[in-house]
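Report on the structure
Next come the chains, spelled out residue by residue.
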Amino acid sequence: QAAAGGGRVALRACGVHNVCRLLSRRAHGFYAKDAGVAHRKNLGLLRRIMCQESTKFKNVWTTHSASPIAYERGRIYMDNYQCCITSIAQQPRLIYQKSKCAKSEKIEDALILECPLGELLPSPSDYKASLIVLTVQNWLLRLSADSGEVLEKVYLAGSCCKFFRYLSWDTPQEVMIVKSAQNKLPAAARQAGIQQTVLFYLAVFQVLPLSFIGMLEINKKIFGNSVTDVAVSNGILIVMYSMGLVRLYNFKAILEQFMEQSFDLGQEFNWNGQVGVVGKYPFGLPCNIKITDTPPLLFEASSLENAFQIGGYPWHYIITPNKKKHKGVFHICSLKDNTLAKNGIQDMKCCSLEPDWIYFHPDMSGRIIHVGPNLIKVLKLKEVKNHADQMEIAEDFTIVANRENCVNNNVTVTASGRVVKKRFTLLDDDPEQETFKIVDYEDELDLLSTVAVTQIGADGRAHLDFHCNEHGILLKSIPLKESWDVTYSHEVYFDKDLVLHIEQKPNRRFSCYVYQMVCDTARDDE
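Worth saying up front: this structure is predicted, and the values here are computed from it rather than measured.

**Thoughts on the overall build of the chain**
The helix and strand tally for the chain stands at 7 helices and 36 strands. Put simply, the chain has 526 residues, and 44% of those count as buried.

In structure tokens, the structure reads:
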């Protein structure tokens with residue numbers, strides 16, 4: 001009885017009047033005095049400080065480069081990943097600078113690898129962040145994120161494949177996919193009638209510790225002649241076709257069913273007449289997963305330009321009907337039975353050079369973000385009243401571009417009284433009108449960020465806005481000092497107290513602008 005009385009007091013004290021809610025909050029660590037609770041509180045404080053009117057963001061560092069600039073979790077990479085700069089310090093500073101590499105050592109792709117929590121790892125270096133890179137000569141390297149030192153190296157290409165080019169995650173920070181470029185025969189071989197049946201190779205690795213799972217080929221004889229691309233995500237093999245068809249297969253089941261023999265890195269092997277060491281030059285990796293029959297199909301859909309997304313709860317998918325006239329029209333359907341959700345056709349009817357885009361919200365809420373030139377709609381799935389088995393799309397909130405000063409009249413009257421009629425109307429994404437260019441989500445601060453741009457003549461101005469992720473309320477607006485040309489390629493990263501803008505100009509000229517949060521602006525100006 002005393003325990004029950006104490007429990008009731010605890011419920012009243014924390015404002016929770018439901019036992020299920022209390023248990024759920026306990027499971028999420030709301031009442032534990034641990035580092036996770038303190039971290040969440042600190043992020044809440046940072047969010048409030050950041051959104052104060054007195055808090056500003058100052059451009060503390062700018063650099064230019066003739067090679068691409070990349071940003072990954074507080075680190076800026078330049079010169080083909082040979083130069084690493086930290087952006088966490090008050091002003092960006094050099095972490096390491098390696099000597100210029102030869103063209104044969106050029107890095108094609110890279111992924112940041114973080115240490116998993118609560119696991120025992122074989123090497124002390126495994127507990128620190130590292131960078132997985134893929135070189136043009138088919139070497140997979142794991143580099144120290146602090147020094148650039150090579151920690152591990154694996155040679156990928158044996159006799160089967162010579163062109164590995166892409167890195168991606170199947171399961172983030174757990175299972176990695178290395179994909180080849182599409183195999184194409186030389187023109188002379190095609191003229192001689194030689195057939196190329198293998199389109200892609202996929203090498204699969206478990207990370208930390210780095211271990212080889214297997215290599216497989218995507219073959220025309222199994223998947224068809226019109227395959228244009230493949231991808232692996234969350235245990236699903238996604239195969240795309242030239243006619244807009246997308247097919248999904250169980251990737252884990254494929255590995256288990258068609259694995260001929262498992263191998264470990266560094267293991268001596270005798271495979272199909274070849275003798276060598278797994279992951280060592282010149283043998284590389286064996287193609288030990290042979291798909292001999294078409295795997296069971298999980299799902300297929302036809303969509304314009306192979307655009308296909310899955311998300312929401314219950315599971316839904318988004319496609320565009322596979323006809324050019326439907327570009328910009330999105331259908332949201334149930335994955336269970338392919339039925340179109342009520343209000344599931346989303347069409348902004350934009351008249352613009354750049355199309356609107358749509359995707360499932362990355363905050364795992366199951367919501368959908370639909371972005372047009374002057375409007376952002378955050379949508380949600382909910383049950384149809386009196387029809388629990390049917391879902392409808394409802395508007396959660398909208399964000400509208402500031403076009404109050406924009407006047408777009410087709411008929412104007414001059415000072416002399418002459419009536420002038422325009423022969424054209426402005427596009428929805430006309431540069432002289434404020435237009436949304438980037439929408440992103442900062443998960444640690446739970447903020448939705450938007451970049452809106454207005455260009456008058458040659459001078460374009462952009463501002464980064466922070467919105468409440470739950471209700472869409474504008475909390476903060478940050479003007480970007482540099483000019484923004486809408487014809488250039490731009491990336492904007494918002495990472496806690498940092499804003500980073502990477503711009504690509506013509507002739508491979510790149511610029512990077514770093515902004516840091518500043519609270520005491522008066523002292524800073526002095």
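**Observations regarding the packing of aromatic side chains**
Tallied over the full model, the rule gives 12 aromatic pairs. On the basis of an interplanar angle of 35 degrees and a centroid distance of 5.7 Å, the ring pair of Phe 308 and Tyr 317 is categorised as tilted. The rings of Phe 57, Phe 466 and Phe 494 are connected pair by pair, giving a single aromatic cluster. The ring of Tyr 241 has Arg 247 lying over it, and the distance from NZ or CZ to the ring centre is 5.1 Å.

**Some points on the UniProt feature "transmembrane region" (unreviewed entry) in the chain**
Cross-referencing UniProt, the feature "transmembrane region" (unreviewed entry) maps to residues 198-218 and 230-249 in the present numbering. The annotated region residues 198-218 carries 0% helix and 81% strand content, and the separation between its end C-alpha atoms amounts to 6 Å. Regarding residues 230-249, the helix share stands at 0% and the strand share at 75%, and the terminal C-alpha atoms are separated by 11 Å.

**Side note on the nonpolar core**
Core analysis: the biggest nonpolar cluster contains 30 residues, and Leu 140, Leu 156, Phe 164, Met 176, Val 178, Phe 205 and Leu 285 have the highest contact counts within it. Residue assignment for this core shows that the elements contributing at least two residues are β6 (107-113), β7 (130-135), β9 (150-155), β10 (164-171), β11 (175-180), β12 (198-206), β13 (211-219) and β17 (268-271). At 4 residues, β12 tops the list of elements feeding residues into this core. Look past the residues within four positions of Leu 156 in its chain and what remains in contact with it is Leu 134, Asn 138, Leu 140, Phe 164, Val 178, Phe 205, Met 215, Gly 284 and Leu 285. Core analysis: the second largest hydrophobic core is formed by 24 residues, Ile 177, Ile 222, Phe 223 and Ile 291 among them.

**Considering the pairing of β6**
For β6, a buried count of 5 out of 7 residues is recorded, marking the element as mostly surrounded by other parts of the structure. Of the strand pairs in this sheet, β6 and β7 are connected by 6 bridges, and their pairing is antiparallel. In the sheet register, Ile 107 faces β7, and the bridge partner there is Thr 135.

**Structural notes on the sheet that holds strand β16 (residues 245-250)**
Here we have 4 strands laid out as an open sheet, ordered β14-β15-β16-β19, and antiparallel in their pairing. A single partner strand is all that each edge strand has here, and the edge strands are β14 (227-233) and β19 (297-302). Taking the axes of each pair of neighbouring strands and ignoring which way they run, one obtains an average angle of 20 degrees across the sheet. For β16 and β19, the ladder comprises 5 bridges, and the chain directions are antiparallel. Counterpart to Leu 248 in the pairing with β19 is Phe 299. Sheet strands touched by helix α6 (residues 251-258): β14, β15 (236-241) and β16. Its angle to β16, the strand with the most contacts, is close to 55 degrees.

**Describing α6**
Residues Phe 251, Ile 254, Leu 255 and Phe 258 constitute the buried set of α6. What you see down the axis of α6 is that its buried residues fit within an arc of 100 degrees, all on one side. Of the exposed residues in α6, those oriented more than 90 degrees away from the buried face are Lys 252, Glu 256 and Gln 257. The opening residue of α6, the one whose side-chain oxygen lies 3.1 Å from the backbone nitrogen of Lys 252, is Asn 250.

**Brief notes about the pairing of strand β21 (residues 316-319)**
Here β21 shows a buried face lined by His 316 and Ile 318 and a second buried face lined by Tyr 317 and Ile 319. In the sheet, strand β20 (residues 308-311) pairs with β21 via 4 bridges, with the strands oriented antiparallel. In the sheet register, Ile 310 faces β21, and the bridge partner there is Tyr 317. Remark: 4 residues form the turn of the hairpin made by β20 and β21, two consecutive strands paired antiparallel; Gly 312 in that turn has positive phi of roughly 75 degrees. Across 4 bridges, β21 lies against strand β22 (residues 329-334) in antiparallel orientation. Within β22, the position partnered with His 316 by the bridge is Ser 334.

What counts, and where the lines are drawn
- Residues numbered from 1 in each chain as written.
- Predicted model: local features only at pLDDT ≥ 70, side-chain atom pairs only at ≥ 80, totals over all residues.
- Heavy atoms only, no water.
- Helix = DSSP H or I, 4+ residues; strand = E, 2+ residues; numbered from the N terminus.
- Buried < 20%, exposed > 50% of the residue type's maximum accessible area, 1.4 Å probe, protein only.
- Phe/Tyr/Trp six-rings, centres within 6.5 Å; stacked < 30°, edge-to-face > 60°.
- Lys NZ or Arg CZ within 6 Å of the ring centre and 35° of its normal.
- UniProt positions renumbered as here; feature names shortened; annotations may be inferred.
- Core = buried A, V, L, I, M, F, W, Y, C linked by side-chain atoms within 4.5 Å.
- Contact = heavy atoms within 4.5 Å.
- Pairing = 2+ DSSP bridges.
- Axes fitted to C-alpha atoms, helices over the stretch in contact; angles between N-to-C directions.
- Arc of directions from axis to C-beta.
- Polar contact = N/O pair within 3.5 Å; in protein donor to acceptor, adjacent residues only side chain to side chain.

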